[in-house]
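What follows is the residue order along each chain.
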Amino acid sequence: MKLVRIREDLHCPPIKILAKQRGFWRPNPSRVIMSDITALSSSLGNIGDLKVFAPESPCPFKLSAGLQLKAFASFNTAFQQATGWELLIRETAQSYRFRRRAGEVDMPAIPELVITDLSPLLPPGIPAISRIYSEKLVVELNEILSDFGENRRKKFSDEAAASKKRPLNLATAAEVEESIEPLDPNLPFVTSNFALASLHLETQRASCEWFMDESGIARFAAMVCPDNGKSWGRELLAARTTFLAECRHGSSNRAARAAMEQSIQRLFAAETEVDILTGTLNPLTGDITMVGSDDYQVLSSGFHAPSSRSRTDIATFHLPRGQHMLLIRWPNSIDSEALVNWGQQMIGKLQGRDSRQVTSIFMDYLANCLPSLPQKPELSLSVSRS
């Protein structure tokens, strides 16, 4: 058989296949040639010249969804601290197809939350909350997000139809920041033995939180952020979530307060200190212990120890049955003597009243007191014992 040399040319088929097509290829085990040359070797040209597909331009619909869902990071951290599970946020497939079909890049995207794994923030030895309950919480949150997203989409469609023409501008980070909903106060906690309620909160600067542990001890927290014109909604939400997580882990008042401060500083790099008070109430004995009460005016008709001098010291109070205690954080510009006189009058008005009347009595006297106070309190919290 006459051997013919085949040139190494890209347009020439391999000799093995050519011979096989002609019907006289026979493998010879004694003449097997091993080669490490691949289809992308230098003999076939530069690997960088190989074009598998054209470069894909960034999808404007995915970019706009990412900007709309930018505020998720702080909520994810708060969820991890509260449950021990890490979340992932994504746009629903139906929402993505709907926006592409409509051709509207800045149409509001409908997000959904998914639990991905255990949180890396979970301290060693501390178990996560039940996955079943956490999944149920995520499902309920997704229902709320879906309803909220549908309402935003309907509003967007109505505005687009009214204007007939809408520019396809991506939302900026500042616009996303301004669209954050105000932080609503939690509902009053009322039982047959005691009641906790926020009487007045400075919008986006102050918040309260409470928790009932397994031993029947009520725990509460109050927090006030600086008045610098900034919205502190995310910081307050993180502090409230951290407080609830610390309560579930059985932390002391001092440890819970320190964890709340560290959470704000670590997550948001807050340069200004936040005034935080944490406390516990034993409904059976009426004993109240608090940490960080020096920044707050404590009004009580019960017996209590002298006010603590250090922000980290523990102050102890006793609240008799049928009495109320008020924790108030005032602006620094108000004269202390005026506050003492106002407080004495306020406590007198609450004597013998039911806990359900505290809020209305407090707000009425705050609005009509003589002489009037130049400013309202930044935060006021009531603790009542039946």
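Quick caveat, the model's predicted, so the values are computed rather than measured.

**Quick word on the overall build of the protein chain**
- Helix and strand counts for the protein chain come out as 10 helices and 12 strands.
- Expressed as a percentage of its 386 residues, the buried residues of the protein chain come to 39%.
- Summed over its atoms, the accessible surface of the protein chain is roughly 23600 Å², and 55% of this surface lies on carbon and sulfur atoms.

**A short note on the packing of helix α7 (residues 233–248) against helix α8 (residues 253–268)**
- Two numbers describe how α7 lies on α8: the axes approach to 9 Å, and their chain directions differ by 140°. Taken together, the axes of α7 and α8 are oblique relative to one another. Along this stretch, α7 crosses α8, giving a crossing that reads as right-handed. Packed against α7, whose contacting residues are Arg 234, Glu 235, Ala 238, Ala 239, Thr 242, Phe 243 and Glu 246, the element α8 presents Ala 255, Ala 256, Ala 259, Met 260, Ser 263, Ile 264, Leu 267 and Phe 268 at the interface.
- Residues of the contact of α7 with α8, tallied by class, amount to 10 nonpolar, two polar and three charged.

**Quick word on the pairing of strand β4 (residues 194–201)**
- A large share of β4 lies buried, amounting to eight of its eight residues.
- Looking at chain direction, strand β3 (residues 189–190) and β4 are connected through two bridges and run antiparallel. Opposite Phe 189, over in β4, you have Leu 196 as the bridge partner.
- With seven bridges connecting them, β4 and strand β12 (residues 379–385) associate as antiparallel partners.

**Things to note about the pairing of strand β7 (residues 275–281)**
- Extensive coverage of β7 is indicated by the burial of seven of its seven residues.
- The side-chain alternation of β7 yields two buried faces, one formed by Asp 275, Leu 277, Gly 279 and Leu 281 and the other by Ile 276, Thr 278 and Thr 280.
- Of the pairings in the sheet, the one linking strand β6 (residues 218–224) to β7 comprises seven bridges and is antiparallel in character. Its bridge partner lying in β7, Phe 220 is registered against Gly 279.
- Counted along the chain from β7 to the antiparallel partner strand β8 (residues 287–291), the turn is five residues long, and its residue Gly 286 has a positive phi close to 80°.

**Describing the sheet that holds strand β5 (residues 206–212)**
- Read across the sheet, five strands follow the order β5-β6-β7-β8-β10 without closing on themselves; strand pairing throughout is antiparallel. On the outer flanks of this sheet lie β5 and β10 (314–318), each paired with one strand and no other. With strand direction ignored, the average angle separating the axes of adjacent strands in the sheet is 15°.
- Pairing of β7 with β8 involves four bridges; the strand directions are antiparallel.

**Description of α7**
- Helix length check: α7, at 16 residues, gives a terminal C-alpha distance of 23 Å against a target of 22 Å (1.5 Å per residue), a fit within 8%.
- Gly 250 lies just past α7 and shows a positive phi near 75°.

**Topic: the sheet that holds β12**
- Pairing in this open sheet of five strands is antiparallel, and the strands run β3-β4-β12-β11-β9 from one edge to the other. Each edge of the sheet is formed by a strand with only one pairing partner; in this case those strands are β3 and β9 (297–300).
- Direction of pairing for β9 relative to strand β11 (residues 324–329): antiparallel, over a ladder of four bridges. Bridge assignment links Ser 300 to a residue of β11, and that residue is Met 325.
- Where helix α9 (residues 336–350) meets the sheet, it contacts β9 and β11, and its direction lies at approximately 30° from that of β9.
- Taken strand by strand, helix α10 (residues 358–368) contacts β4, β11 and β12, and its axis lies near 30° from that of β4.

**Comments concerning the nonpolar core**
- Counting residues in each nonpolar core, the largest one holds 23 residues, and the members touching the most others are Phe 220, Ile 288, Met 290, Met 325 and Leu 379.
- The set of elements that each furnish at least two residues to this core consists of β4, β5, β6, β7, β8, β10, β11 and β12.
- Broken down by element, this core gets its largest block of residues, four residues, from β6.
- Of all hydrophobic cores here, the second largest spans 18 residues; its members include Ile 347, Phe 362, Tyr 365 and Leu 373.

**Considerations on the pattern of salt bridges**
- Scanning the model with the defined rule gives 12 salt bridges in all.
- A salt bridge links Glu 91 to Arg 99; its shortest N-O distance comes to 2.8 Å. Summarising the burial analysis for this pair, Glu 91 and Arg 99 share the class buried.
- The residue Lys 136 makes a salt bridge to Glu 140 at a minimum N-O spacing of 2.8 Å.

**What to know about the packing of α9 against α10**
- Running from amino to carboxyl end, α9 crosses α10 at an angle of 145°, the nearest separation of the two axes being 10 Å. Seen from above, α9 lies across α10 with right-handed handedness. For the pair formed by α9 and α10, the contact residues are Trp 342, Gln 345, Met 346, Lys 349 and Leu 350 on the first element and Val 358, Ile 361, Phe 362, Tyr 365 and Leu 366 on the second.
- Each residue belonging to the contact of α9 with α10 can be placed in one class, and the counts come to eight nonpolar, one polar and one charged.

**Description of the environment of Val 274**
- Counting through the fold element by element, Val 274 comes out in the loop between α8 and β7.
- Along the backbone, Val 274 and Ala 239 are 35 residues apart, and their C-alpha atoms lie at a distance of 10.0 Å.

**Let's talk about unusual backbone geometry**
- The residue Gln 204 is not glycine, and still its phi comes out positive at about 60°.
- Relative to the assigned elements, Gln 204 resides in the loop between β4 and β5.
- Judged by relative accessible area, Gln 204 falls into the buried class, the value being 16%.

Definitions and cut-offs
- Residues numbered from 1 in each chain as written.
- Predicted model: local features only at pLDDT ≥ 70, side-chain atom pairs only at ≥ 80, totals over all residues.
- Heavy atoms only, no water.
- Helix = DSSP H or I, 4+ residues; strand = E, 2+ residues; numbered from the N terminus.
- Buried < 20%, exposed > 50% of the residue type's maximum accessible area, 1.4 Å probe, protein only.
- Areas by Shrake-Rupley, 256 points an atom, 1.4 Å probe, with all protein chains shown as cover.
- Axes fitted to C-alpha atoms, helices over the stretch in contact; angles between N-to-C directions.
- Parallel < 35°, antiparallel > 145°, perpendicular 65-115°, else oblique.
- Left-handed = near helix turned anticlockwise from the far one by under 90°.
- Contact = heavy atoms within 4.5 Å.
- Nonpolar A, V, L, I, M, F, W, Y, C, P; charged D, E, K, R; others polar.
- Pairing = 2+ DSSP bridges.
- Expected span 1.5 Å × (residues − 1).
- Core = buried A, V, L, I, M, F, W, Y, C linked by side-chain atoms within 4.5 Å.
- Salt bridge = Lys/Arg side-chain N within 4 Å of Asp/Glu carboxyl O.

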